[in-house]
Amino acid sequence: MNELIKKVKSTRFSKITTEELFELLKEINTSENIKEIYDEIFPILLNNIYENTLLNKIYNIPELNDYCIYLLYNKIDLSTVDIDILIYFIYNTPWRKKFFLDNIDIISKNRIPEIIRRIYNLDISLYNLMLNSYKSKENKLEFITYSVKMMCISLEEGTIIESIKRDETTLIPNNLGYYLAQTSEYKNLALTHKDILFESANNQKFRFLSLLNDKAPELCKKYKVALKLYELSNHSERTDSSLSNLINFGNYNNINKSILTISPDLQITPISINKTSTNDVFGLGSNNILKLGTKRYTYDIDLNFFRIIPSKVYYIRNKSGQICSVIEFQPNIYTDPNIITLEMIKELFLDFMRHGLYIADPNCLKYEVNNFGLLRDYRDANLGQYKSHEDLPESFKRYPLVLLDVDLVYRYDGPQVPPITMLDNITNFHSDILDYGKIKQIKSCIRNGGKL
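### A few points about the nonpolar core
In step 1: Counting 96 residues, the largest nonpolar core has Tyr 38, Leu 54, Leu 55, Met 130 and Phe 206 as its most contacted members.
In step 2: Of all the elements, helix α3 (residues 34–48) adds the most residues to this core, at seven residues.
In step 3: Leave out the neighbours within four places in its chain, and Phe 206 touches Phe 198, Tyr 223, Ala 226, Leu 227, Tyr 230, Asp 240, Leu 243, Ser 244 and Ile 247.

Right under this line is the structure:
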(Lines give C-alpha, C1' and ligand atoms only; values in the text may rest on other atoms or scores of the structure.)
Protein backbone atom coordinates (compact mmCIF):
# COMPACT_ATOMS: atom_id res chain seq x y z
CA MET A 1 0.00 0.00 0.00
CA ASN A 2 1.23 3.50 -0.83
CA GLU A 3 2.98 5.03 2.19
CA LEU A 4 0.97 8.23 1.90
CA ILE A 5 -2.29 6.30 1.92
CA LYS A 6 -1.11 4.44 5.05
CA LYS A 7 -0.26 7.75 6.67
CA VAL A 8 -3.70 9.22 6.01
CA LYS A 9 -5.49 6.09 7.19
CA SER A 10 -3.54 6.09 10.43
CA THR A 11 -4.01 9.81 11.12
CA ARG A 12 -6.24 10.78 14.02
CA PHE A 13 -7.82 13.86 12.51
CA SER A 14 -9.51 14.89 15.73
CA LYS A 15 -6.07 15.30 17.32
CA ILE A 16 -4.12 17.19 14.64
CA THR A 17 -3.89 20.97 14.45
CA THR A 18 -5.13 23.03 11.50
CA GLU A 19 -1.55 23.65 10.43
CA GLU A 20 -0.79 19.92 10.48
CA LEU A 21 -3.97 19.22 8.53
CA PHE A 22 -3.04 21.69 5.80
CA GLU A 23 0.47 20.23 5.59
CA LEU A 24 -1.04 16.76 5.14
CA LEU A 25 -3.36 17.98 2.38
CA LYS A 26 -0.45 19.77 0.73
CA GLU A 27 1.53 16.52 0.71
CA ILE A 28 -1.40 14.63 -0.80
CA ASN A 29 -2.08 17.27 -3.44
CA THR A 30 1.51 17.40 -4.65
CA SER A 31 1.81 13.65 -4.98
CA GLU A 32 2.48 12.18 -8.42
CA ASN A 33 -0.45 9.76 -8.04
CA ILE A 34 -2.97 12.25 -6.68
CA LYS A 35 -6.03 10.75 -8.41
CA GLU A 36 -5.26 7.20 -7.28
CA ILE A 37 -4.63 8.41 -3.73
CA TYR A 38 -7.93 10.30 -3.55
CA ASP A 39 -9.74 7.25 -4.88
CA GLU A 40 -8.52 5.45 -1.77
CA ILE A 41 -8.77 8.12 0.92
CA PHE A 42 -11.57 10.48 -0.13
CA PRO A 43 -14.20 8.88 2.17
CA ILE A 44 -11.75 9.19 5.09
CA LEU A 45 -11.10 12.86 4.34
CA LEU A 46 -14.78 13.51 3.85
CA ASN A 47 -15.66 12.07 7.25
CA ASN A 48 -12.95 14.00 9.08
CA ILE A 49 -12.61 17.40 7.38
CA TYR A 50 -15.14 20.19 7.02
CA GLU A 51 -16.43 19.97 3.43
CA ASN A 52 -15.71 23.62 2.56
CA THR A 53 -12.16 23.24 3.84
CA LEU A 54 -11.65 20.20 1.64
CA LEU A 55 -13.11 22.00 -1.38
CA ASN A 56 -10.84 25.00 -0.77
CA LYS A 57 -7.82 22.70 -0.97
CA ILE A 58 -8.74 20.77 -4.12
CA TYR A 59 -10.89 23.10 -6.29
CA ASN A 60 -8.02 24.14 -8.59
CA ILE A 61 -6.64 20.64 -9.22
CA PRO A 62 -8.02 19.45 -12.59
CA GLU A 63 -7.58 15.76 -11.72
CA LEU A 64 -10.02 16.21 -8.82
CA ASN A 65 -12.88 17.86 -10.71
CA ASP A 66 -15.14 14.87 -10.09
CA TYR A 67 -14.64 15.18 -6.34
CA CYS A 68 -15.40 18.90 -6.50
CA ILE A 69 -18.63 18.18 -8.35
CA TYR A 70 -19.57 15.61 -5.72
CA LEU A 71 -18.96 18.06 -2.90
CA LEU A 72 -20.89 20.85 -4.56
CA TYR A 73 -23.90 18.72 -5.43
CA ASN A 74 -24.10 16.63 -2.28
CA LYS A 75 -22.24 18.04 0.69
CA ILE A 76 -21.95 21.81 0.56
CA ASP A 77 -24.36 24.68 0.98
CA LEU A 78 -23.70 26.57 -2.25
CA SER A 79 -24.44 29.90 -0.63
CA THR A 80 -21.28 29.42 1.49
CA VAL A 81 -18.85 28.60 -1.32
CA ASP A 82 -16.21 31.27 -1.78
CA ILE A 83 -16.88 33.39 -4.88
CA ASP A 84 -13.27 33.02 -6.05
CA ILE A 85 -13.78 29.26 -6.18
CA LEU A 86 -17.01 29.65 -8.15
CA ILE A 87 -15.29 31.97 -10.61
CA TYR A 88 -12.48 29.44 -11.04
CA PHE A 89 -15.03 26.71 -11.84
CA ILE A 90 -16.82 28.95 -14.34
CA TYR A 91 -13.72 29.50 -16.45
CA ASN A 92 -11.57 26.43 -15.84
CA THR A 93 -13.80 23.35 -15.72
CA PRO A 94 -15.83 21.48 -18.34
CA TRP A 95 -19.10 22.15 -16.50
CA ARG A 96 -18.31 25.86 -16.60
CA LYS A 97 -21.17 28.33 -16.42
CA LYS A 98 -24.04 25.85 -16.48
CA PHE A 99 -23.66 24.76 -12.86
CA PHE A 100 -23.33 28.36 -11.75
CA LEU A 101 -26.39 29.56 -13.69
CA ASP A 102 -28.53 26.52 -12.83
CA ASN A 103 -27.95 27.19 -9.14
CA ILE A 104 -27.82 30.98 -9.18
CA ASP A 105 -30.69 31.39 -6.72
CA ILE A 106 -28.96 29.28 -4.06
CA ILE A 107 -25.48 30.65 -4.78
CA SER A 108 -26.71 34.25 -4.49
CA LYS A 109 -28.49 33.75 -1.17
CA ASN A 110 -27.80 36.76 1.07
CA ARG A 111 -24.93 37.98 -1.12
CA ILE A 112 -26.34 39.31 -4.37
CA PRO A 113 -24.45 42.63 -4.02
CA GLU A 114 -21.16 40.77 -3.64
CA ILE A 115 -21.90 38.51 -6.62
CA ILE A 116 -22.79 41.51 -8.79
CA ARG A 117 -19.68 43.46 -7.84
CA ARG A 118 -17.42 40.52 -8.75
CA ILE A 119 -19.13 39.41 -11.97
CA TYR A 120 -20.17 42.81 -13.35
CA ASN A 121 -16.62 44.04 -13.98
CA LEU A 122 -15.29 40.58 -14.84
CA ASP A 123 -17.70 39.34 -17.51
CA ILE A 124 -20.61 41.48 -18.65
CA SER A 125 -22.03 38.66 -20.82
CA LEU A 126 -22.18 36.38 -17.78
CA TYR A 127 -23.80 39.21 -15.84
CA ASN A 128 -26.60 39.35 -18.44
CA LEU A 129 -26.99 35.56 -18.36
CA MET A 130 -27.37 35.73 -14.58
CA LEU A 131 -30.20 38.21 -14.97
CA ASN A 132 -32.11 35.73 -17.13
CA SER A 133 -31.32 32.70 -14.93
CA TYR A 134 -33.00 33.68 -11.68
CA LYS A 135 -36.10 31.60 -11.04
CA SER A 136 -37.07 33.38 -7.85
CA LYS A 137 -38.87 36.65 -8.57
CA GLU A 138 -37.62 38.06 -5.29
CA ASN A 139 -33.99 37.29 -6.16
CA LYS A 140 -34.39 38.66 -9.67
CA LEU A 141 -35.92 41.85 -8.31
CA GLU A 142 -33.09 42.23 -5.78
CA PHE A 143 -30.54 41.61 -8.53
CA ILE A 144 -32.07 44.31 -10.74
CA THR A 145 -32.54 46.75 -7.87
CA TYR A 146 -28.97 46.50 -6.65
CA SER A 147 -27.63 46.64 -10.22
CA VAL A 148 -29.52 49.84 -10.87
CA LYS A 149 -28.32 51.36 -7.59
CA MET A 150 -24.73 50.45 -8.40
CA MET A 151 -24.97 51.88 -11.91
CA CYS A 152 -26.64 55.05 -10.66
CA ILE A 153 -23.76 55.64 -8.28
CA SER A 154 -21.38 55.23 -11.24
CA LEU A 155 -23.45 57.67 -13.28
CA GLU A 156 -23.50 60.23 -10.51
CA GLU A 157 -19.76 59.88 -9.95
CA GLY A 158 -19.08 60.08 -13.66
CA THR A 159 -17.11 56.83 -13.77
CA ILE A 160 -19.37 55.21 -16.38
CA ILE A 161 -19.34 58.32 -18.52
CA GLU A 162 -15.56 58.44 -18.38
CA SER A 163 -15.45 54.76 -19.36
CA ILE A 164 -17.64 55.43 -22.37
CA LYS A 165 -15.35 58.27 -23.44
CA ARG A 166 -12.48 55.79 -23.31
CA ASP A 167 -14.57 53.44 -25.47
CA GLU A 168 -14.87 50.83 -22.75
CA THR A 169 -18.57 50.29 -23.28
CA THR A 170 -18.37 46.65 -22.18
CA LEU A 171 -18.53 47.98 -18.62
CA ILE A 172 -22.19 48.78 -19.20
CA PRO A 173 -24.83 46.09 -19.73
CA ASN A 174 -26.84 46.49 -22.91
CA ASN A 175 -30.08 47.15 -21.06
CA LEU A 176 -28.95 49.68 -18.43
CA GLY A 177 -31.00 52.47 -19.99
CA TYR A 178 -34.03 50.22 -20.23
CA TYR A 179 -33.85 49.28 -16.54
CA LEU A 180 -33.48 52.89 -15.47
CA ALA A 181 -36.28 54.14 -17.73
CA GLN A 182 -38.82 51.55 -16.60
CA THR A 183 -38.17 52.19 -12.89
CA SER A 184 -40.03 55.19 -11.49
CA GLU A 185 -37.35 55.74 -8.84
CA TYR A 186 -34.60 56.12 -11.45
CA LYS A 187 -36.42 57.38 -14.54
CA ASN A 188 -35.31 60.96 -13.90
CA LEU A 189 -31.71 59.76 -13.82
CA ALA A 190 -32.28 58.01 -17.16
CA LEU A 191 -33.61 61.26 -18.61
CA THR A 192 -30.67 63.24 -17.21
CA HIS A 193 -28.18 60.89 -18.89
CA LYS A 194 -30.34 59.86 -21.85
CA ASP A 195 -27.80 60.84 -24.52
CA ILE A 196 -24.91 58.90 -23.02
CA LEU A 197 -27.12 55.89 -22.17
CA PHE A 198 -28.46 55.79 -25.72
CA GLU A 199 -24.97 56.14 -27.18
CA SER A 200 -23.45 53.43 -25.00
CA ALA A 201 -26.10 50.75 -25.53
CA ASN A 202 -24.89 47.83 -27.65
CA ASN A 203 -28.49 47.03 -28.47
CA GLN A 204 -31.96 47.92 -27.18
CA LYS A 205 -31.38 51.54 -28.08
CA PHE A 206 -34.94 51.94 -29.32
CA ARG A 207 -36.50 49.93 -26.54
CA PHE A 208 -34.93 52.54 -24.25
CA LEU A 209 -35.94 55.45 -26.46
CA SER A 210 -39.55 54.29 -26.75
CA LEU A 211 -39.83 54.27 -22.95
CA LEU A 212 -38.66 57.88 -22.81
CA ASN A 213 -41.18 58.75 -25.51
CA ASP A 214 -41.78 62.50 -25.80
CA LYS A 215 -39.39 63.27 -22.91
CA ALA A 216 -36.39 62.93 -25.21
CA PRO A 217 -37.51 65.09 -28.18
CA GLU A 218 -34.04 65.71 -29.62
CA LEU A 219 -33.13 62.01 -29.70
CA CYS A 220 -36.57 61.08 -31.05
CA LYS A 221 -36.25 63.67 -33.80
CA LYS A 222 -32.72 62.60 -34.73
CA TYR A 223 -33.70 58.93 -34.94
CA LYS A 224 -37.34 59.31 -35.97
CA VAL A 225 -36.98 56.92 -38.94
CA ALA A 226 -35.42 54.14 -36.87
CA LEU A 227 -37.86 54.71 -34.01
CA LYS A 228 -40.81 54.43 -36.39
CA LEU A 229 -39.44 51.17 -37.83
CA TYR A 230 -39.04 49.81 -34.30
CA GLU A 231 -42.58 50.74 -33.33
CA LEU A 232 -44.06 49.35 -36.58
CA SER A 233 -42.15 46.10 -36.03
CA ASN A 234 -44.20 45.59 -32.87
CA HIS A 235 -41.07 46.32 -30.80
CA SER A 236 -39.13 43.55 -32.49
CA GLU A 237 -35.80 42.75 -30.82
CA ARG A 238 -34.36 41.97 -34.27
CA THR A 239 -35.23 45.41 -35.65
CA ASP A 240 -33.89 47.06 -32.50
CA SER A 241 -30.59 45.11 -32.67
CA SER A 242 -30.21 45.66 -36.41
CA LEU A 243 -30.65 49.42 -36.14
CA SER A 244 -28.60 49.66 -32.93
CA ASN A 245 -25.70 47.90 -34.65
CA LEU A 246 -26.09 50.23 -37.62
CA ILE A 247 -25.67 53.23 -35.31
CA ASN A 248 -22.80 51.64 -33.34
CA PHE A 249 -20.75 50.28 -36.23
CA GLY A 250 -22.17 51.55 -39.53
CA ASN A 251 -23.33 54.72 -41.23
CA TYR A 252 -26.82 55.45 -39.96
CA ASN A 253 -26.99 58.79 -41.78
CA ASN A 254 -26.57 57.13 -45.19
CA ILE A 255 -29.30 54.55 -44.57
CA ASN A 256 -31.55 57.20 -43.06
CA LYS A 257 -31.05 59.36 -46.17
CA SER A 258 -31.82 56.41 -48.47
CA ILE A 259 -35.09 55.71 -46.67
CA LEU A 260 -36.17 59.37 -46.75
CA THR A 261 -35.25 59.61 -50.46
CA ILE A 262 -37.48 56.63 -51.26
CA SER A 263 -40.32 57.76 -49.00
CA PRO A 264 -40.04 61.38 -47.77
CA ASP A 265 -43.36 61.14 -45.94
CA LEU A 266 -42.33 57.85 -44.28
CA GLN A 267 -45.01 55.61 -45.73
CA ILE A 268 -43.79 52.44 -44.01
CA THR A 269 -45.80 49.24 -43.66
CA PRO A 270 -44.71 46.09 -41.78
CA ILE A 271 -45.11 43.07 -44.05
CA SER A 272 -44.11 39.43 -44.30
CA ILE A 273 -42.77 38.22 -47.64
CA ASN A 274 -41.71 34.65 -47.00
CA LYS A 275 -42.00 34.08 -43.26
CA THR A 276 -38.24 34.52 -43.06
CA SER A 277 -36.52 33.90 -39.76
CA THR A 278 -33.62 36.26 -40.47
CA ASN A 279 -35.34 39.54 -41.42
CA ASP A 280 -38.05 41.95 -40.41
CA VAL A 281 -39.61 43.24 -43.63
CA PHE A 282 -41.24 46.59 -44.36
CA GLY A 283 -42.96 48.12 -47.36
CA LEU A 284 -41.28 51.45 -48.13
CA GLY A 285 -43.43 53.82 -50.15
CA SER A 286 -45.36 52.07 -52.89
CA ASN A 287 -42.58 50.33 -54.80
CA ASN A 288 -39.82 49.32 -52.38
CA ILE A 289 -39.02 46.79 -49.68
CA LEU A 290 -36.72 47.25 -46.69
CA LYS A 291 -35.30 44.22 -44.85
CA LEU A 292 -33.62 44.46 -41.45
CA GLY A 293 -31.68 41.50 -40.06
CA THR A 294 -28.78 40.63 -37.80
CA LYS A 295 -27.23 37.66 -39.59
CA ARG A 296 -26.77 35.93 -42.92
CA TYR A 297 -25.99 32.37 -43.87
CA THR A 298 -22.63 31.94 -45.58
CA TYR A 299 -22.82 31.82 -49.34
CA ASP A 300 -20.49 32.51 -52.24
CA ILE A 301 -22.64 33.51 -55.18
CA ASP A 302 -23.00 36.48 -57.51
CA LEU A 303 -26.02 38.44 -56.29
CA ASN A 304 -26.18 40.09 -59.71
CA PHE A 305 -27.69 36.91 -61.20
CA PHE A 306 -30.82 37.75 -63.19
CA ARG A 307 -32.99 35.20 -61.33
CA ILE A 308 -32.29 36.89 -57.98
CA ILE A 309 -34.28 39.93 -56.95
CA PRO A 310 -32.27 43.13 -57.48
CA SER A 311 -31.02 44.35 -54.11
CA LYS A 312 -28.81 46.90 -52.46
CA VAL A 313 -27.30 45.15 -49.46
CA TYR A 314 -25.35 46.82 -46.66
CA TYR A 315 -23.40 44.57 -44.29
CA ILE A 316 -22.59 46.04 -40.88
CA ARG A 317 -19.60 44.50 -39.13
CA ASN A 318 -18.71 44.81 -35.45
CA LYS A 319 -15.22 45.49 -34.11
CA SER A 320 -14.37 41.80 -34.51
CA GLY A 321 -15.21 41.93 -38.21
CA GLN A 322 -18.33 39.77 -37.82
CA ILE A 323 -21.56 40.64 -39.61
CA CYS A 324 -23.95 41.94 -36.96
CA SER A 325 -26.56 43.66 -39.14
CA VAL A 326 -27.80 43.42 -42.71
CA ILE A 327 -29.80 46.28 -44.28
CA GLU A 328 -31.36 45.45 -47.64
CA PHE A 329 -33.35 47.49 -50.16
CA GLN A 330 -35.40 45.72 -52.85
CA PRO A 331 -38.09 46.68 -55.35
CA ASN A 332 -41.66 45.84 -54.38
CA ILE A 333 -42.61 43.20 -56.96
CA TYR A 334 -45.65 41.03 -57.69
CA THR A 335 -45.95 38.25 -55.11
CA ASP A 336 -49.58 37.28 -55.65
CA PRO A 337 -49.62 33.46 -55.36
CA ASN A 338 -52.44 33.26 -57.88
CA ILE A 339 -50.22 34.48 -60.72
CA ILE A 340 -47.09 32.42 -59.97
CA THR A 341 -47.33 28.98 -61.54
CA LEU A 342 -45.51 25.71 -61.05
CA GLU A 343 -43.97 25.96 -64.50
CA MET A 344 -42.56 29.41 -63.76
CA ILE A 345 -40.77 28.01 -60.70
CA LYS A 346 -39.41 25.06 -62.70
CA GLU A 347 -38.00 27.45 -65.28
CA LEU A 348 -36.31 29.37 -62.47
CA PHE A 349 -34.77 26.14 -61.09
CA LEU A 350 -33.40 25.35 -64.53
CA ASP A 351 -31.77 28.74 -64.92
CA PHE A 352 -30.12 28.34 -61.54
CA MET A 353 -28.77 24.91 -62.54
CA ARG A 354 -27.53 26.11 -65.93
CA HIS A 355 -25.46 28.74 -64.13
CA GLY A 356 -23.97 26.33 -61.57
CA LEU A 357 -26.28 27.27 -58.69
CA TYR A 358 -28.70 25.29 -56.58
CA ILE A 359 -31.40 26.23 -54.11
CA ALA A 360 -31.38 24.38 -50.79
CA ASP A 361 -34.26 26.22 -49.14
CA PRO A 362 -36.82 23.49 -48.30
CA ASN A 363 -39.73 25.88 -48.76
CA CYS A 364 -38.59 26.74 -52.28
CA LEU A 365 -38.18 23.04 -53.05
CA LYS A 366 -41.80 22.56 -52.00
CA TYR A 367 -42.80 25.19 -54.59
CA GLU A 368 -44.12 27.53 -51.91
CA VAL A 369 -44.88 30.53 -54.10
CA ASN A 370 -44.32 33.14 -51.38
CA ASN A 371 -40.57 32.55 -51.83
CA PHE A 372 -40.74 34.00 -55.35
CA GLY A 373 -41.93 37.16 -57.06
CA LEU A 374 -42.45 38.59 -60.53
CA LEU A 375 -40.62 41.73 -61.59
CA ARG A 376 -42.85 44.40 -63.08
CA ASP A 377 -40.65 44.33 -66.18
CA TYR A 378 -37.76 42.07 -67.22
CA ARG A 379 -35.75 45.25 -67.85
CA ASP A 380 -35.64 45.70 -64.06
CA ALA A 381 -33.62 42.49 -63.65
CA ASN A 382 -29.98 42.10 -62.72
CA LEU A 383 -27.80 41.56 -65.77
CA GLY A 384 -24.91 39.50 -64.41
CA GLN A 385 -23.03 38.07 -67.39
CA TYR A 386 -25.51 39.45 -69.94
CA LYS A 387 -24.69 42.64 -71.84
CA SER A 388 -28.27 43.87 -72.13
CA HIS A 389 -31.72 42.93 -70.95
CA GLU A 390 -32.66 41.91 -74.48
CA ASP A 391 -30.06 39.09 -74.24
CA LEU A 392 -31.86 37.49 -71.28
CA PRO A 393 -33.58 34.12 -71.92
CA GLU A 394 -36.94 34.40 -73.64
CA SER A 395 -38.62 32.30 -70.94
CA PHE A 396 -37.50 34.86 -68.36
CA LYS A 397 -38.60 37.82 -70.44
CA ARG A 398 -42.08 36.25 -70.68
CA TYR A 399 -42.31 35.65 -66.92
CA PRO A 400 -39.51 37.45 -65.01
CA LEU A 401 -39.77 35.34 -61.87
CA VAL A 402 -37.02 35.90 -59.29
CA LEU A 403 -35.99 34.38 -55.97
CA LEU A 404 -36.64 36.66 -52.98
CA ASP A 405 -34.20 35.26 -50.43
CA VAL A 406 -30.75 33.90 -51.29
CA ASP A 407 -29.61 32.75 -47.82
CA LEU A 408 -29.74 29.13 -48.95
CA VAL A 409 -28.41 29.37 -52.49
CA TYR A 410 -25.05 27.71 -53.23
CA ARG A 411 -22.65 27.08 -56.08
CA TYR A 412 -21.94 23.52 -57.11
CA ASP A 413 -18.57 22.72 -58.63
CA GLY A 414 -16.85 19.40 -59.17
CA PRO A 415 -18.25 16.82 -56.74
CA GLN A 416 -20.91 19.19 -55.44
CA VAL A 417 -24.28 18.67 -57.06
CA PRO A 418 -27.77 20.09 -56.65
CA PRO A 419 -29.82 18.26 -54.00
CA ILE A 420 -31.93 15.42 -55.31
CA THR A 421 -35.12 17.21 -54.24
CA MET A 422 -34.36 20.07 -56.59
CA LEU A 423 -33.47 17.70 -59.42
CA ASP A 424 -36.69 15.76 -58.87
CA ASN A 425 -38.57 18.95 -59.65
CA ILE A 426 -37.15 19.01 -63.20
CA THR A 427 -39.13 17.03 -65.76
CA ASN A 428 -38.77 15.91 -69.38
CA PHE A 429 -40.76 19.00 -70.30
CA HIS A 430 -37.52 21.00 -69.95
CA SER A 431 -35.24 18.79 -72.05
CA ASP A 432 -35.02 21.45 -74.76
CA ILE A 433 -33.46 23.86 -72.22
CA LEU A 434 -31.21 21.54 -70.26
CA ASP A 435 -29.93 18.10 -71.18
CA TYR A 436 -32.33 15.85 -69.28
CA GLY A 437 -29.93 12.92 -69.64
CA LYS A 438 -27.37 14.89 -67.67
CA ILE A 439 -29.92 15.43 -64.89
CA LYS A 440 -30.63 11.68 -64.71
CA GLN A 441 -26.88 11.03 -64.55
CA ILE A 442 -26.48 13.48 -61.65
CA LYS A 443 -29.40 11.91 -59.76
CA SER A 444 -27.99 8.45 -60.27
CA CYS A 445 -24.57 9.53 -58.95
CA ILE A 446 -26.14 11.05 -55.86
CA ARG A 447 -28.21 8.00 -55.08
CA ASN A 448 -25.20 5.72 -55.50
CA GLY A 449 -22.94 7.95 -53.41
CA GLY A 450 -20.71 8.62 -56.39
CA LYS A 451 -19.23 11.76 -57.91
CA LEU A 452 -19.69 13.38 -61.25
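### A closer look at the environment of Glu 63
In step 1: Within the fold, Glu 63 resides in the loop between α4 (51–58) and α5 (65–74).
In step 2: The class of Glu 63 is partly exposed, set by a relative accessible area of 43%.
In step 3: The spatial distance from the C-alpha of Glu 63 to the C-alpha of Glu 36 is 9.9 Å, given a sequence separation of 27 residues.
In step 4: Beyond its immediate stretch of four places on either side in the chain, Glu 63 contacts Ile 34 and Lys 35.

### Quick word on the packing of aromatic side chains
In step 1: Within this structure, the stated rule accounts for 19 aromatic pairs.
In step 2: Both rings, one in Phe 198 and one in Tyr 223, keep their centres 4.9 Å apart while their planes meet at 35°; by these two values the pair is tilted. A residue pair is termed long-range when its members are at least 10 positions apart, and Phe 198 in helix α15 (residues 194–200) and Tyr 223 in the loop between α17 (217–222) and α18 (224–232) qualify at 25 residues.
In step 3: When its relative accessible area of 9% is taken as the criterion, Tyr 223 is described as buried.

### Brief notes about helix α6 (residues 83–92)
In step 1: Of all the positions in α6, only Ile 83, Ile 85, Leu 86, Ile 87, Phe 89 and Ile 90 are classed as buried.
In step 2: Measuring from the side-chain oxygen of the N-cap residue of α6 to the backbone nitrogen of Asp 84 gives 2.8 Å; that N-cap residue is Asp 82.

### Topic: the sheet that holds strand β4 (residues 312–317)
In step 1: Strand order across the open sheet formed by five strands is β1-β2-β3-β5-β4, with antiparallel pairing between neighbours. Looking along the sheet, the strands with just one partner apiece sit at the ends: β1 (268–271) and β4. The sheet shows a mean angle of 20° between the axes of neighbouring strands, taken without regard to direction.
In step 2: By the bridge criterion, six bridges tie strand β3 (residues 288–293) to strand β5 (residues 323–331) in an arrangement that is antiparallel. Each bridged residue has a counterpart across the sheet, and for Leu 292 the counterpart in β5 is Ile 327.
In step 3: With respect to the sheet, helix α19 (residues 237–249) is in contact with β2 (279–284), β3, β4 and β5, its orientation differing from that of β5 by roughly 105°.
In step 4: On the sheet, helix α20 (residues 252–262) packs against β2, β3, β4 and β5 and is oriented at approximately 20° with respect to β5.

### Brief notes about the pattern of salt bridges
In step 1: In the structure shown here, the tally under the stated rule is twelve salt bridges.
In step 2: Note that Glu 27 and Lys 7 form a salt bridge whose closest N and O atoms lie 2.9 Å from each other. Pair noted here: Glu 27 is in helix α2 (residues 18–29) and Lys 7 is in helix α1 (residues 3–10), with a separation of 20 residues, a long-range link.
In step 3: Taking the relative accessible area as the measure of exposure, Glu 27 reaches 35% and is therefore partly exposed.
In step 4: Of the charged contacts in the structure, one is a salt bridge between Glu 390 and Arg 379, with a shortest N-O distance of 3.7 Å. With Glu 390 in the loop between β7 (372–374) and α23 (394–398) and Arg 379 in the loop between β7 and α23, this pair connects stretches of sequence that are eleven residues apart.
In step 5: Judged by its relative accessible area of 43%, Glu 390 falls in the partly exposed class.

### A word on the environment of Gly 283
In step 1: Along the chain, Gly 283 falls in strand β2.
In step 2: Sequence separation of Gly 283 and Gln 267 is 16 residues, and the distance between their C-alpha atoms is 7.9 Å.
In step 3: Once you skip the residues sitting within four places of it in the chain, Gly 283 turns out to touch Gln 267, Ile 268, Thr 269, Ile 271, Asn 288 and Ile 289.

### Describing the packing of α2 against α4
In step 1: Their axes nearest at 11 Å, the elements α2 and α4 cross at an angle of 40°. In terms of axis orientation, α2 runs oblique to α4. Like other packed secondary-structure pairs, α2 and α4 cross with a definite hand, here right-handed. Between α2 and α4, the contacting residues are Phe 22, Leu 25 and Asn 29 on the first element and Thr 53, Leu 54, Lys 57 and Ile 58 on the second.
In step 2: Residues belonging to the contact of α2 with α4 are distributed by class as follows: four nonpolar, two polar and one charged.

Each value, and the rule that gives it
Residues numbered from 1 in each chain as written. Predicted model: local features only at pLDDT ≥ 70, side-chain atom pairs only at ≥ 80, totals over all residues. Heavy atoms only, no water. Core = buried A, V, L, I, M, F, W, Y, C linked by side-chain atoms within 4.5 Å. Buried < 20%, exposed > 50% of the residue type's maximum accessible area, 1.4 Å probe, protein only. Helix = DSSP H or I, 4+ residues; strand = E, 2+ residues; numbered from the N terminus. Contact = heavy atoms within 4.5 Å. Phe/Tyr/Trp six-rings, centres within 6.5 Å; stacked < 30°, edge-to-face > 60°. Polar contact = N/O pair within 3.5 Å; in protein donor to acceptor, adjacent residues only side chain to side chain. Pairing = 2+ DSSP bridges. Axes fitted to C-alpha atoms, helices over the stretch in contact; angles between N-to-C directions. Salt bridge = Lys/Arg side-chain N within 4 Å of Asp/Glu carboxyl O. Parallel < 35°, antiparallel > 145°, perpendicular 65-115°, else oblique. Left-handed = near helix turned anticlockwise from the far one by under 90°. Nonpolar A, V, L, I, M, F, W, Y, C, P; charged D, E, K, R; others polar.

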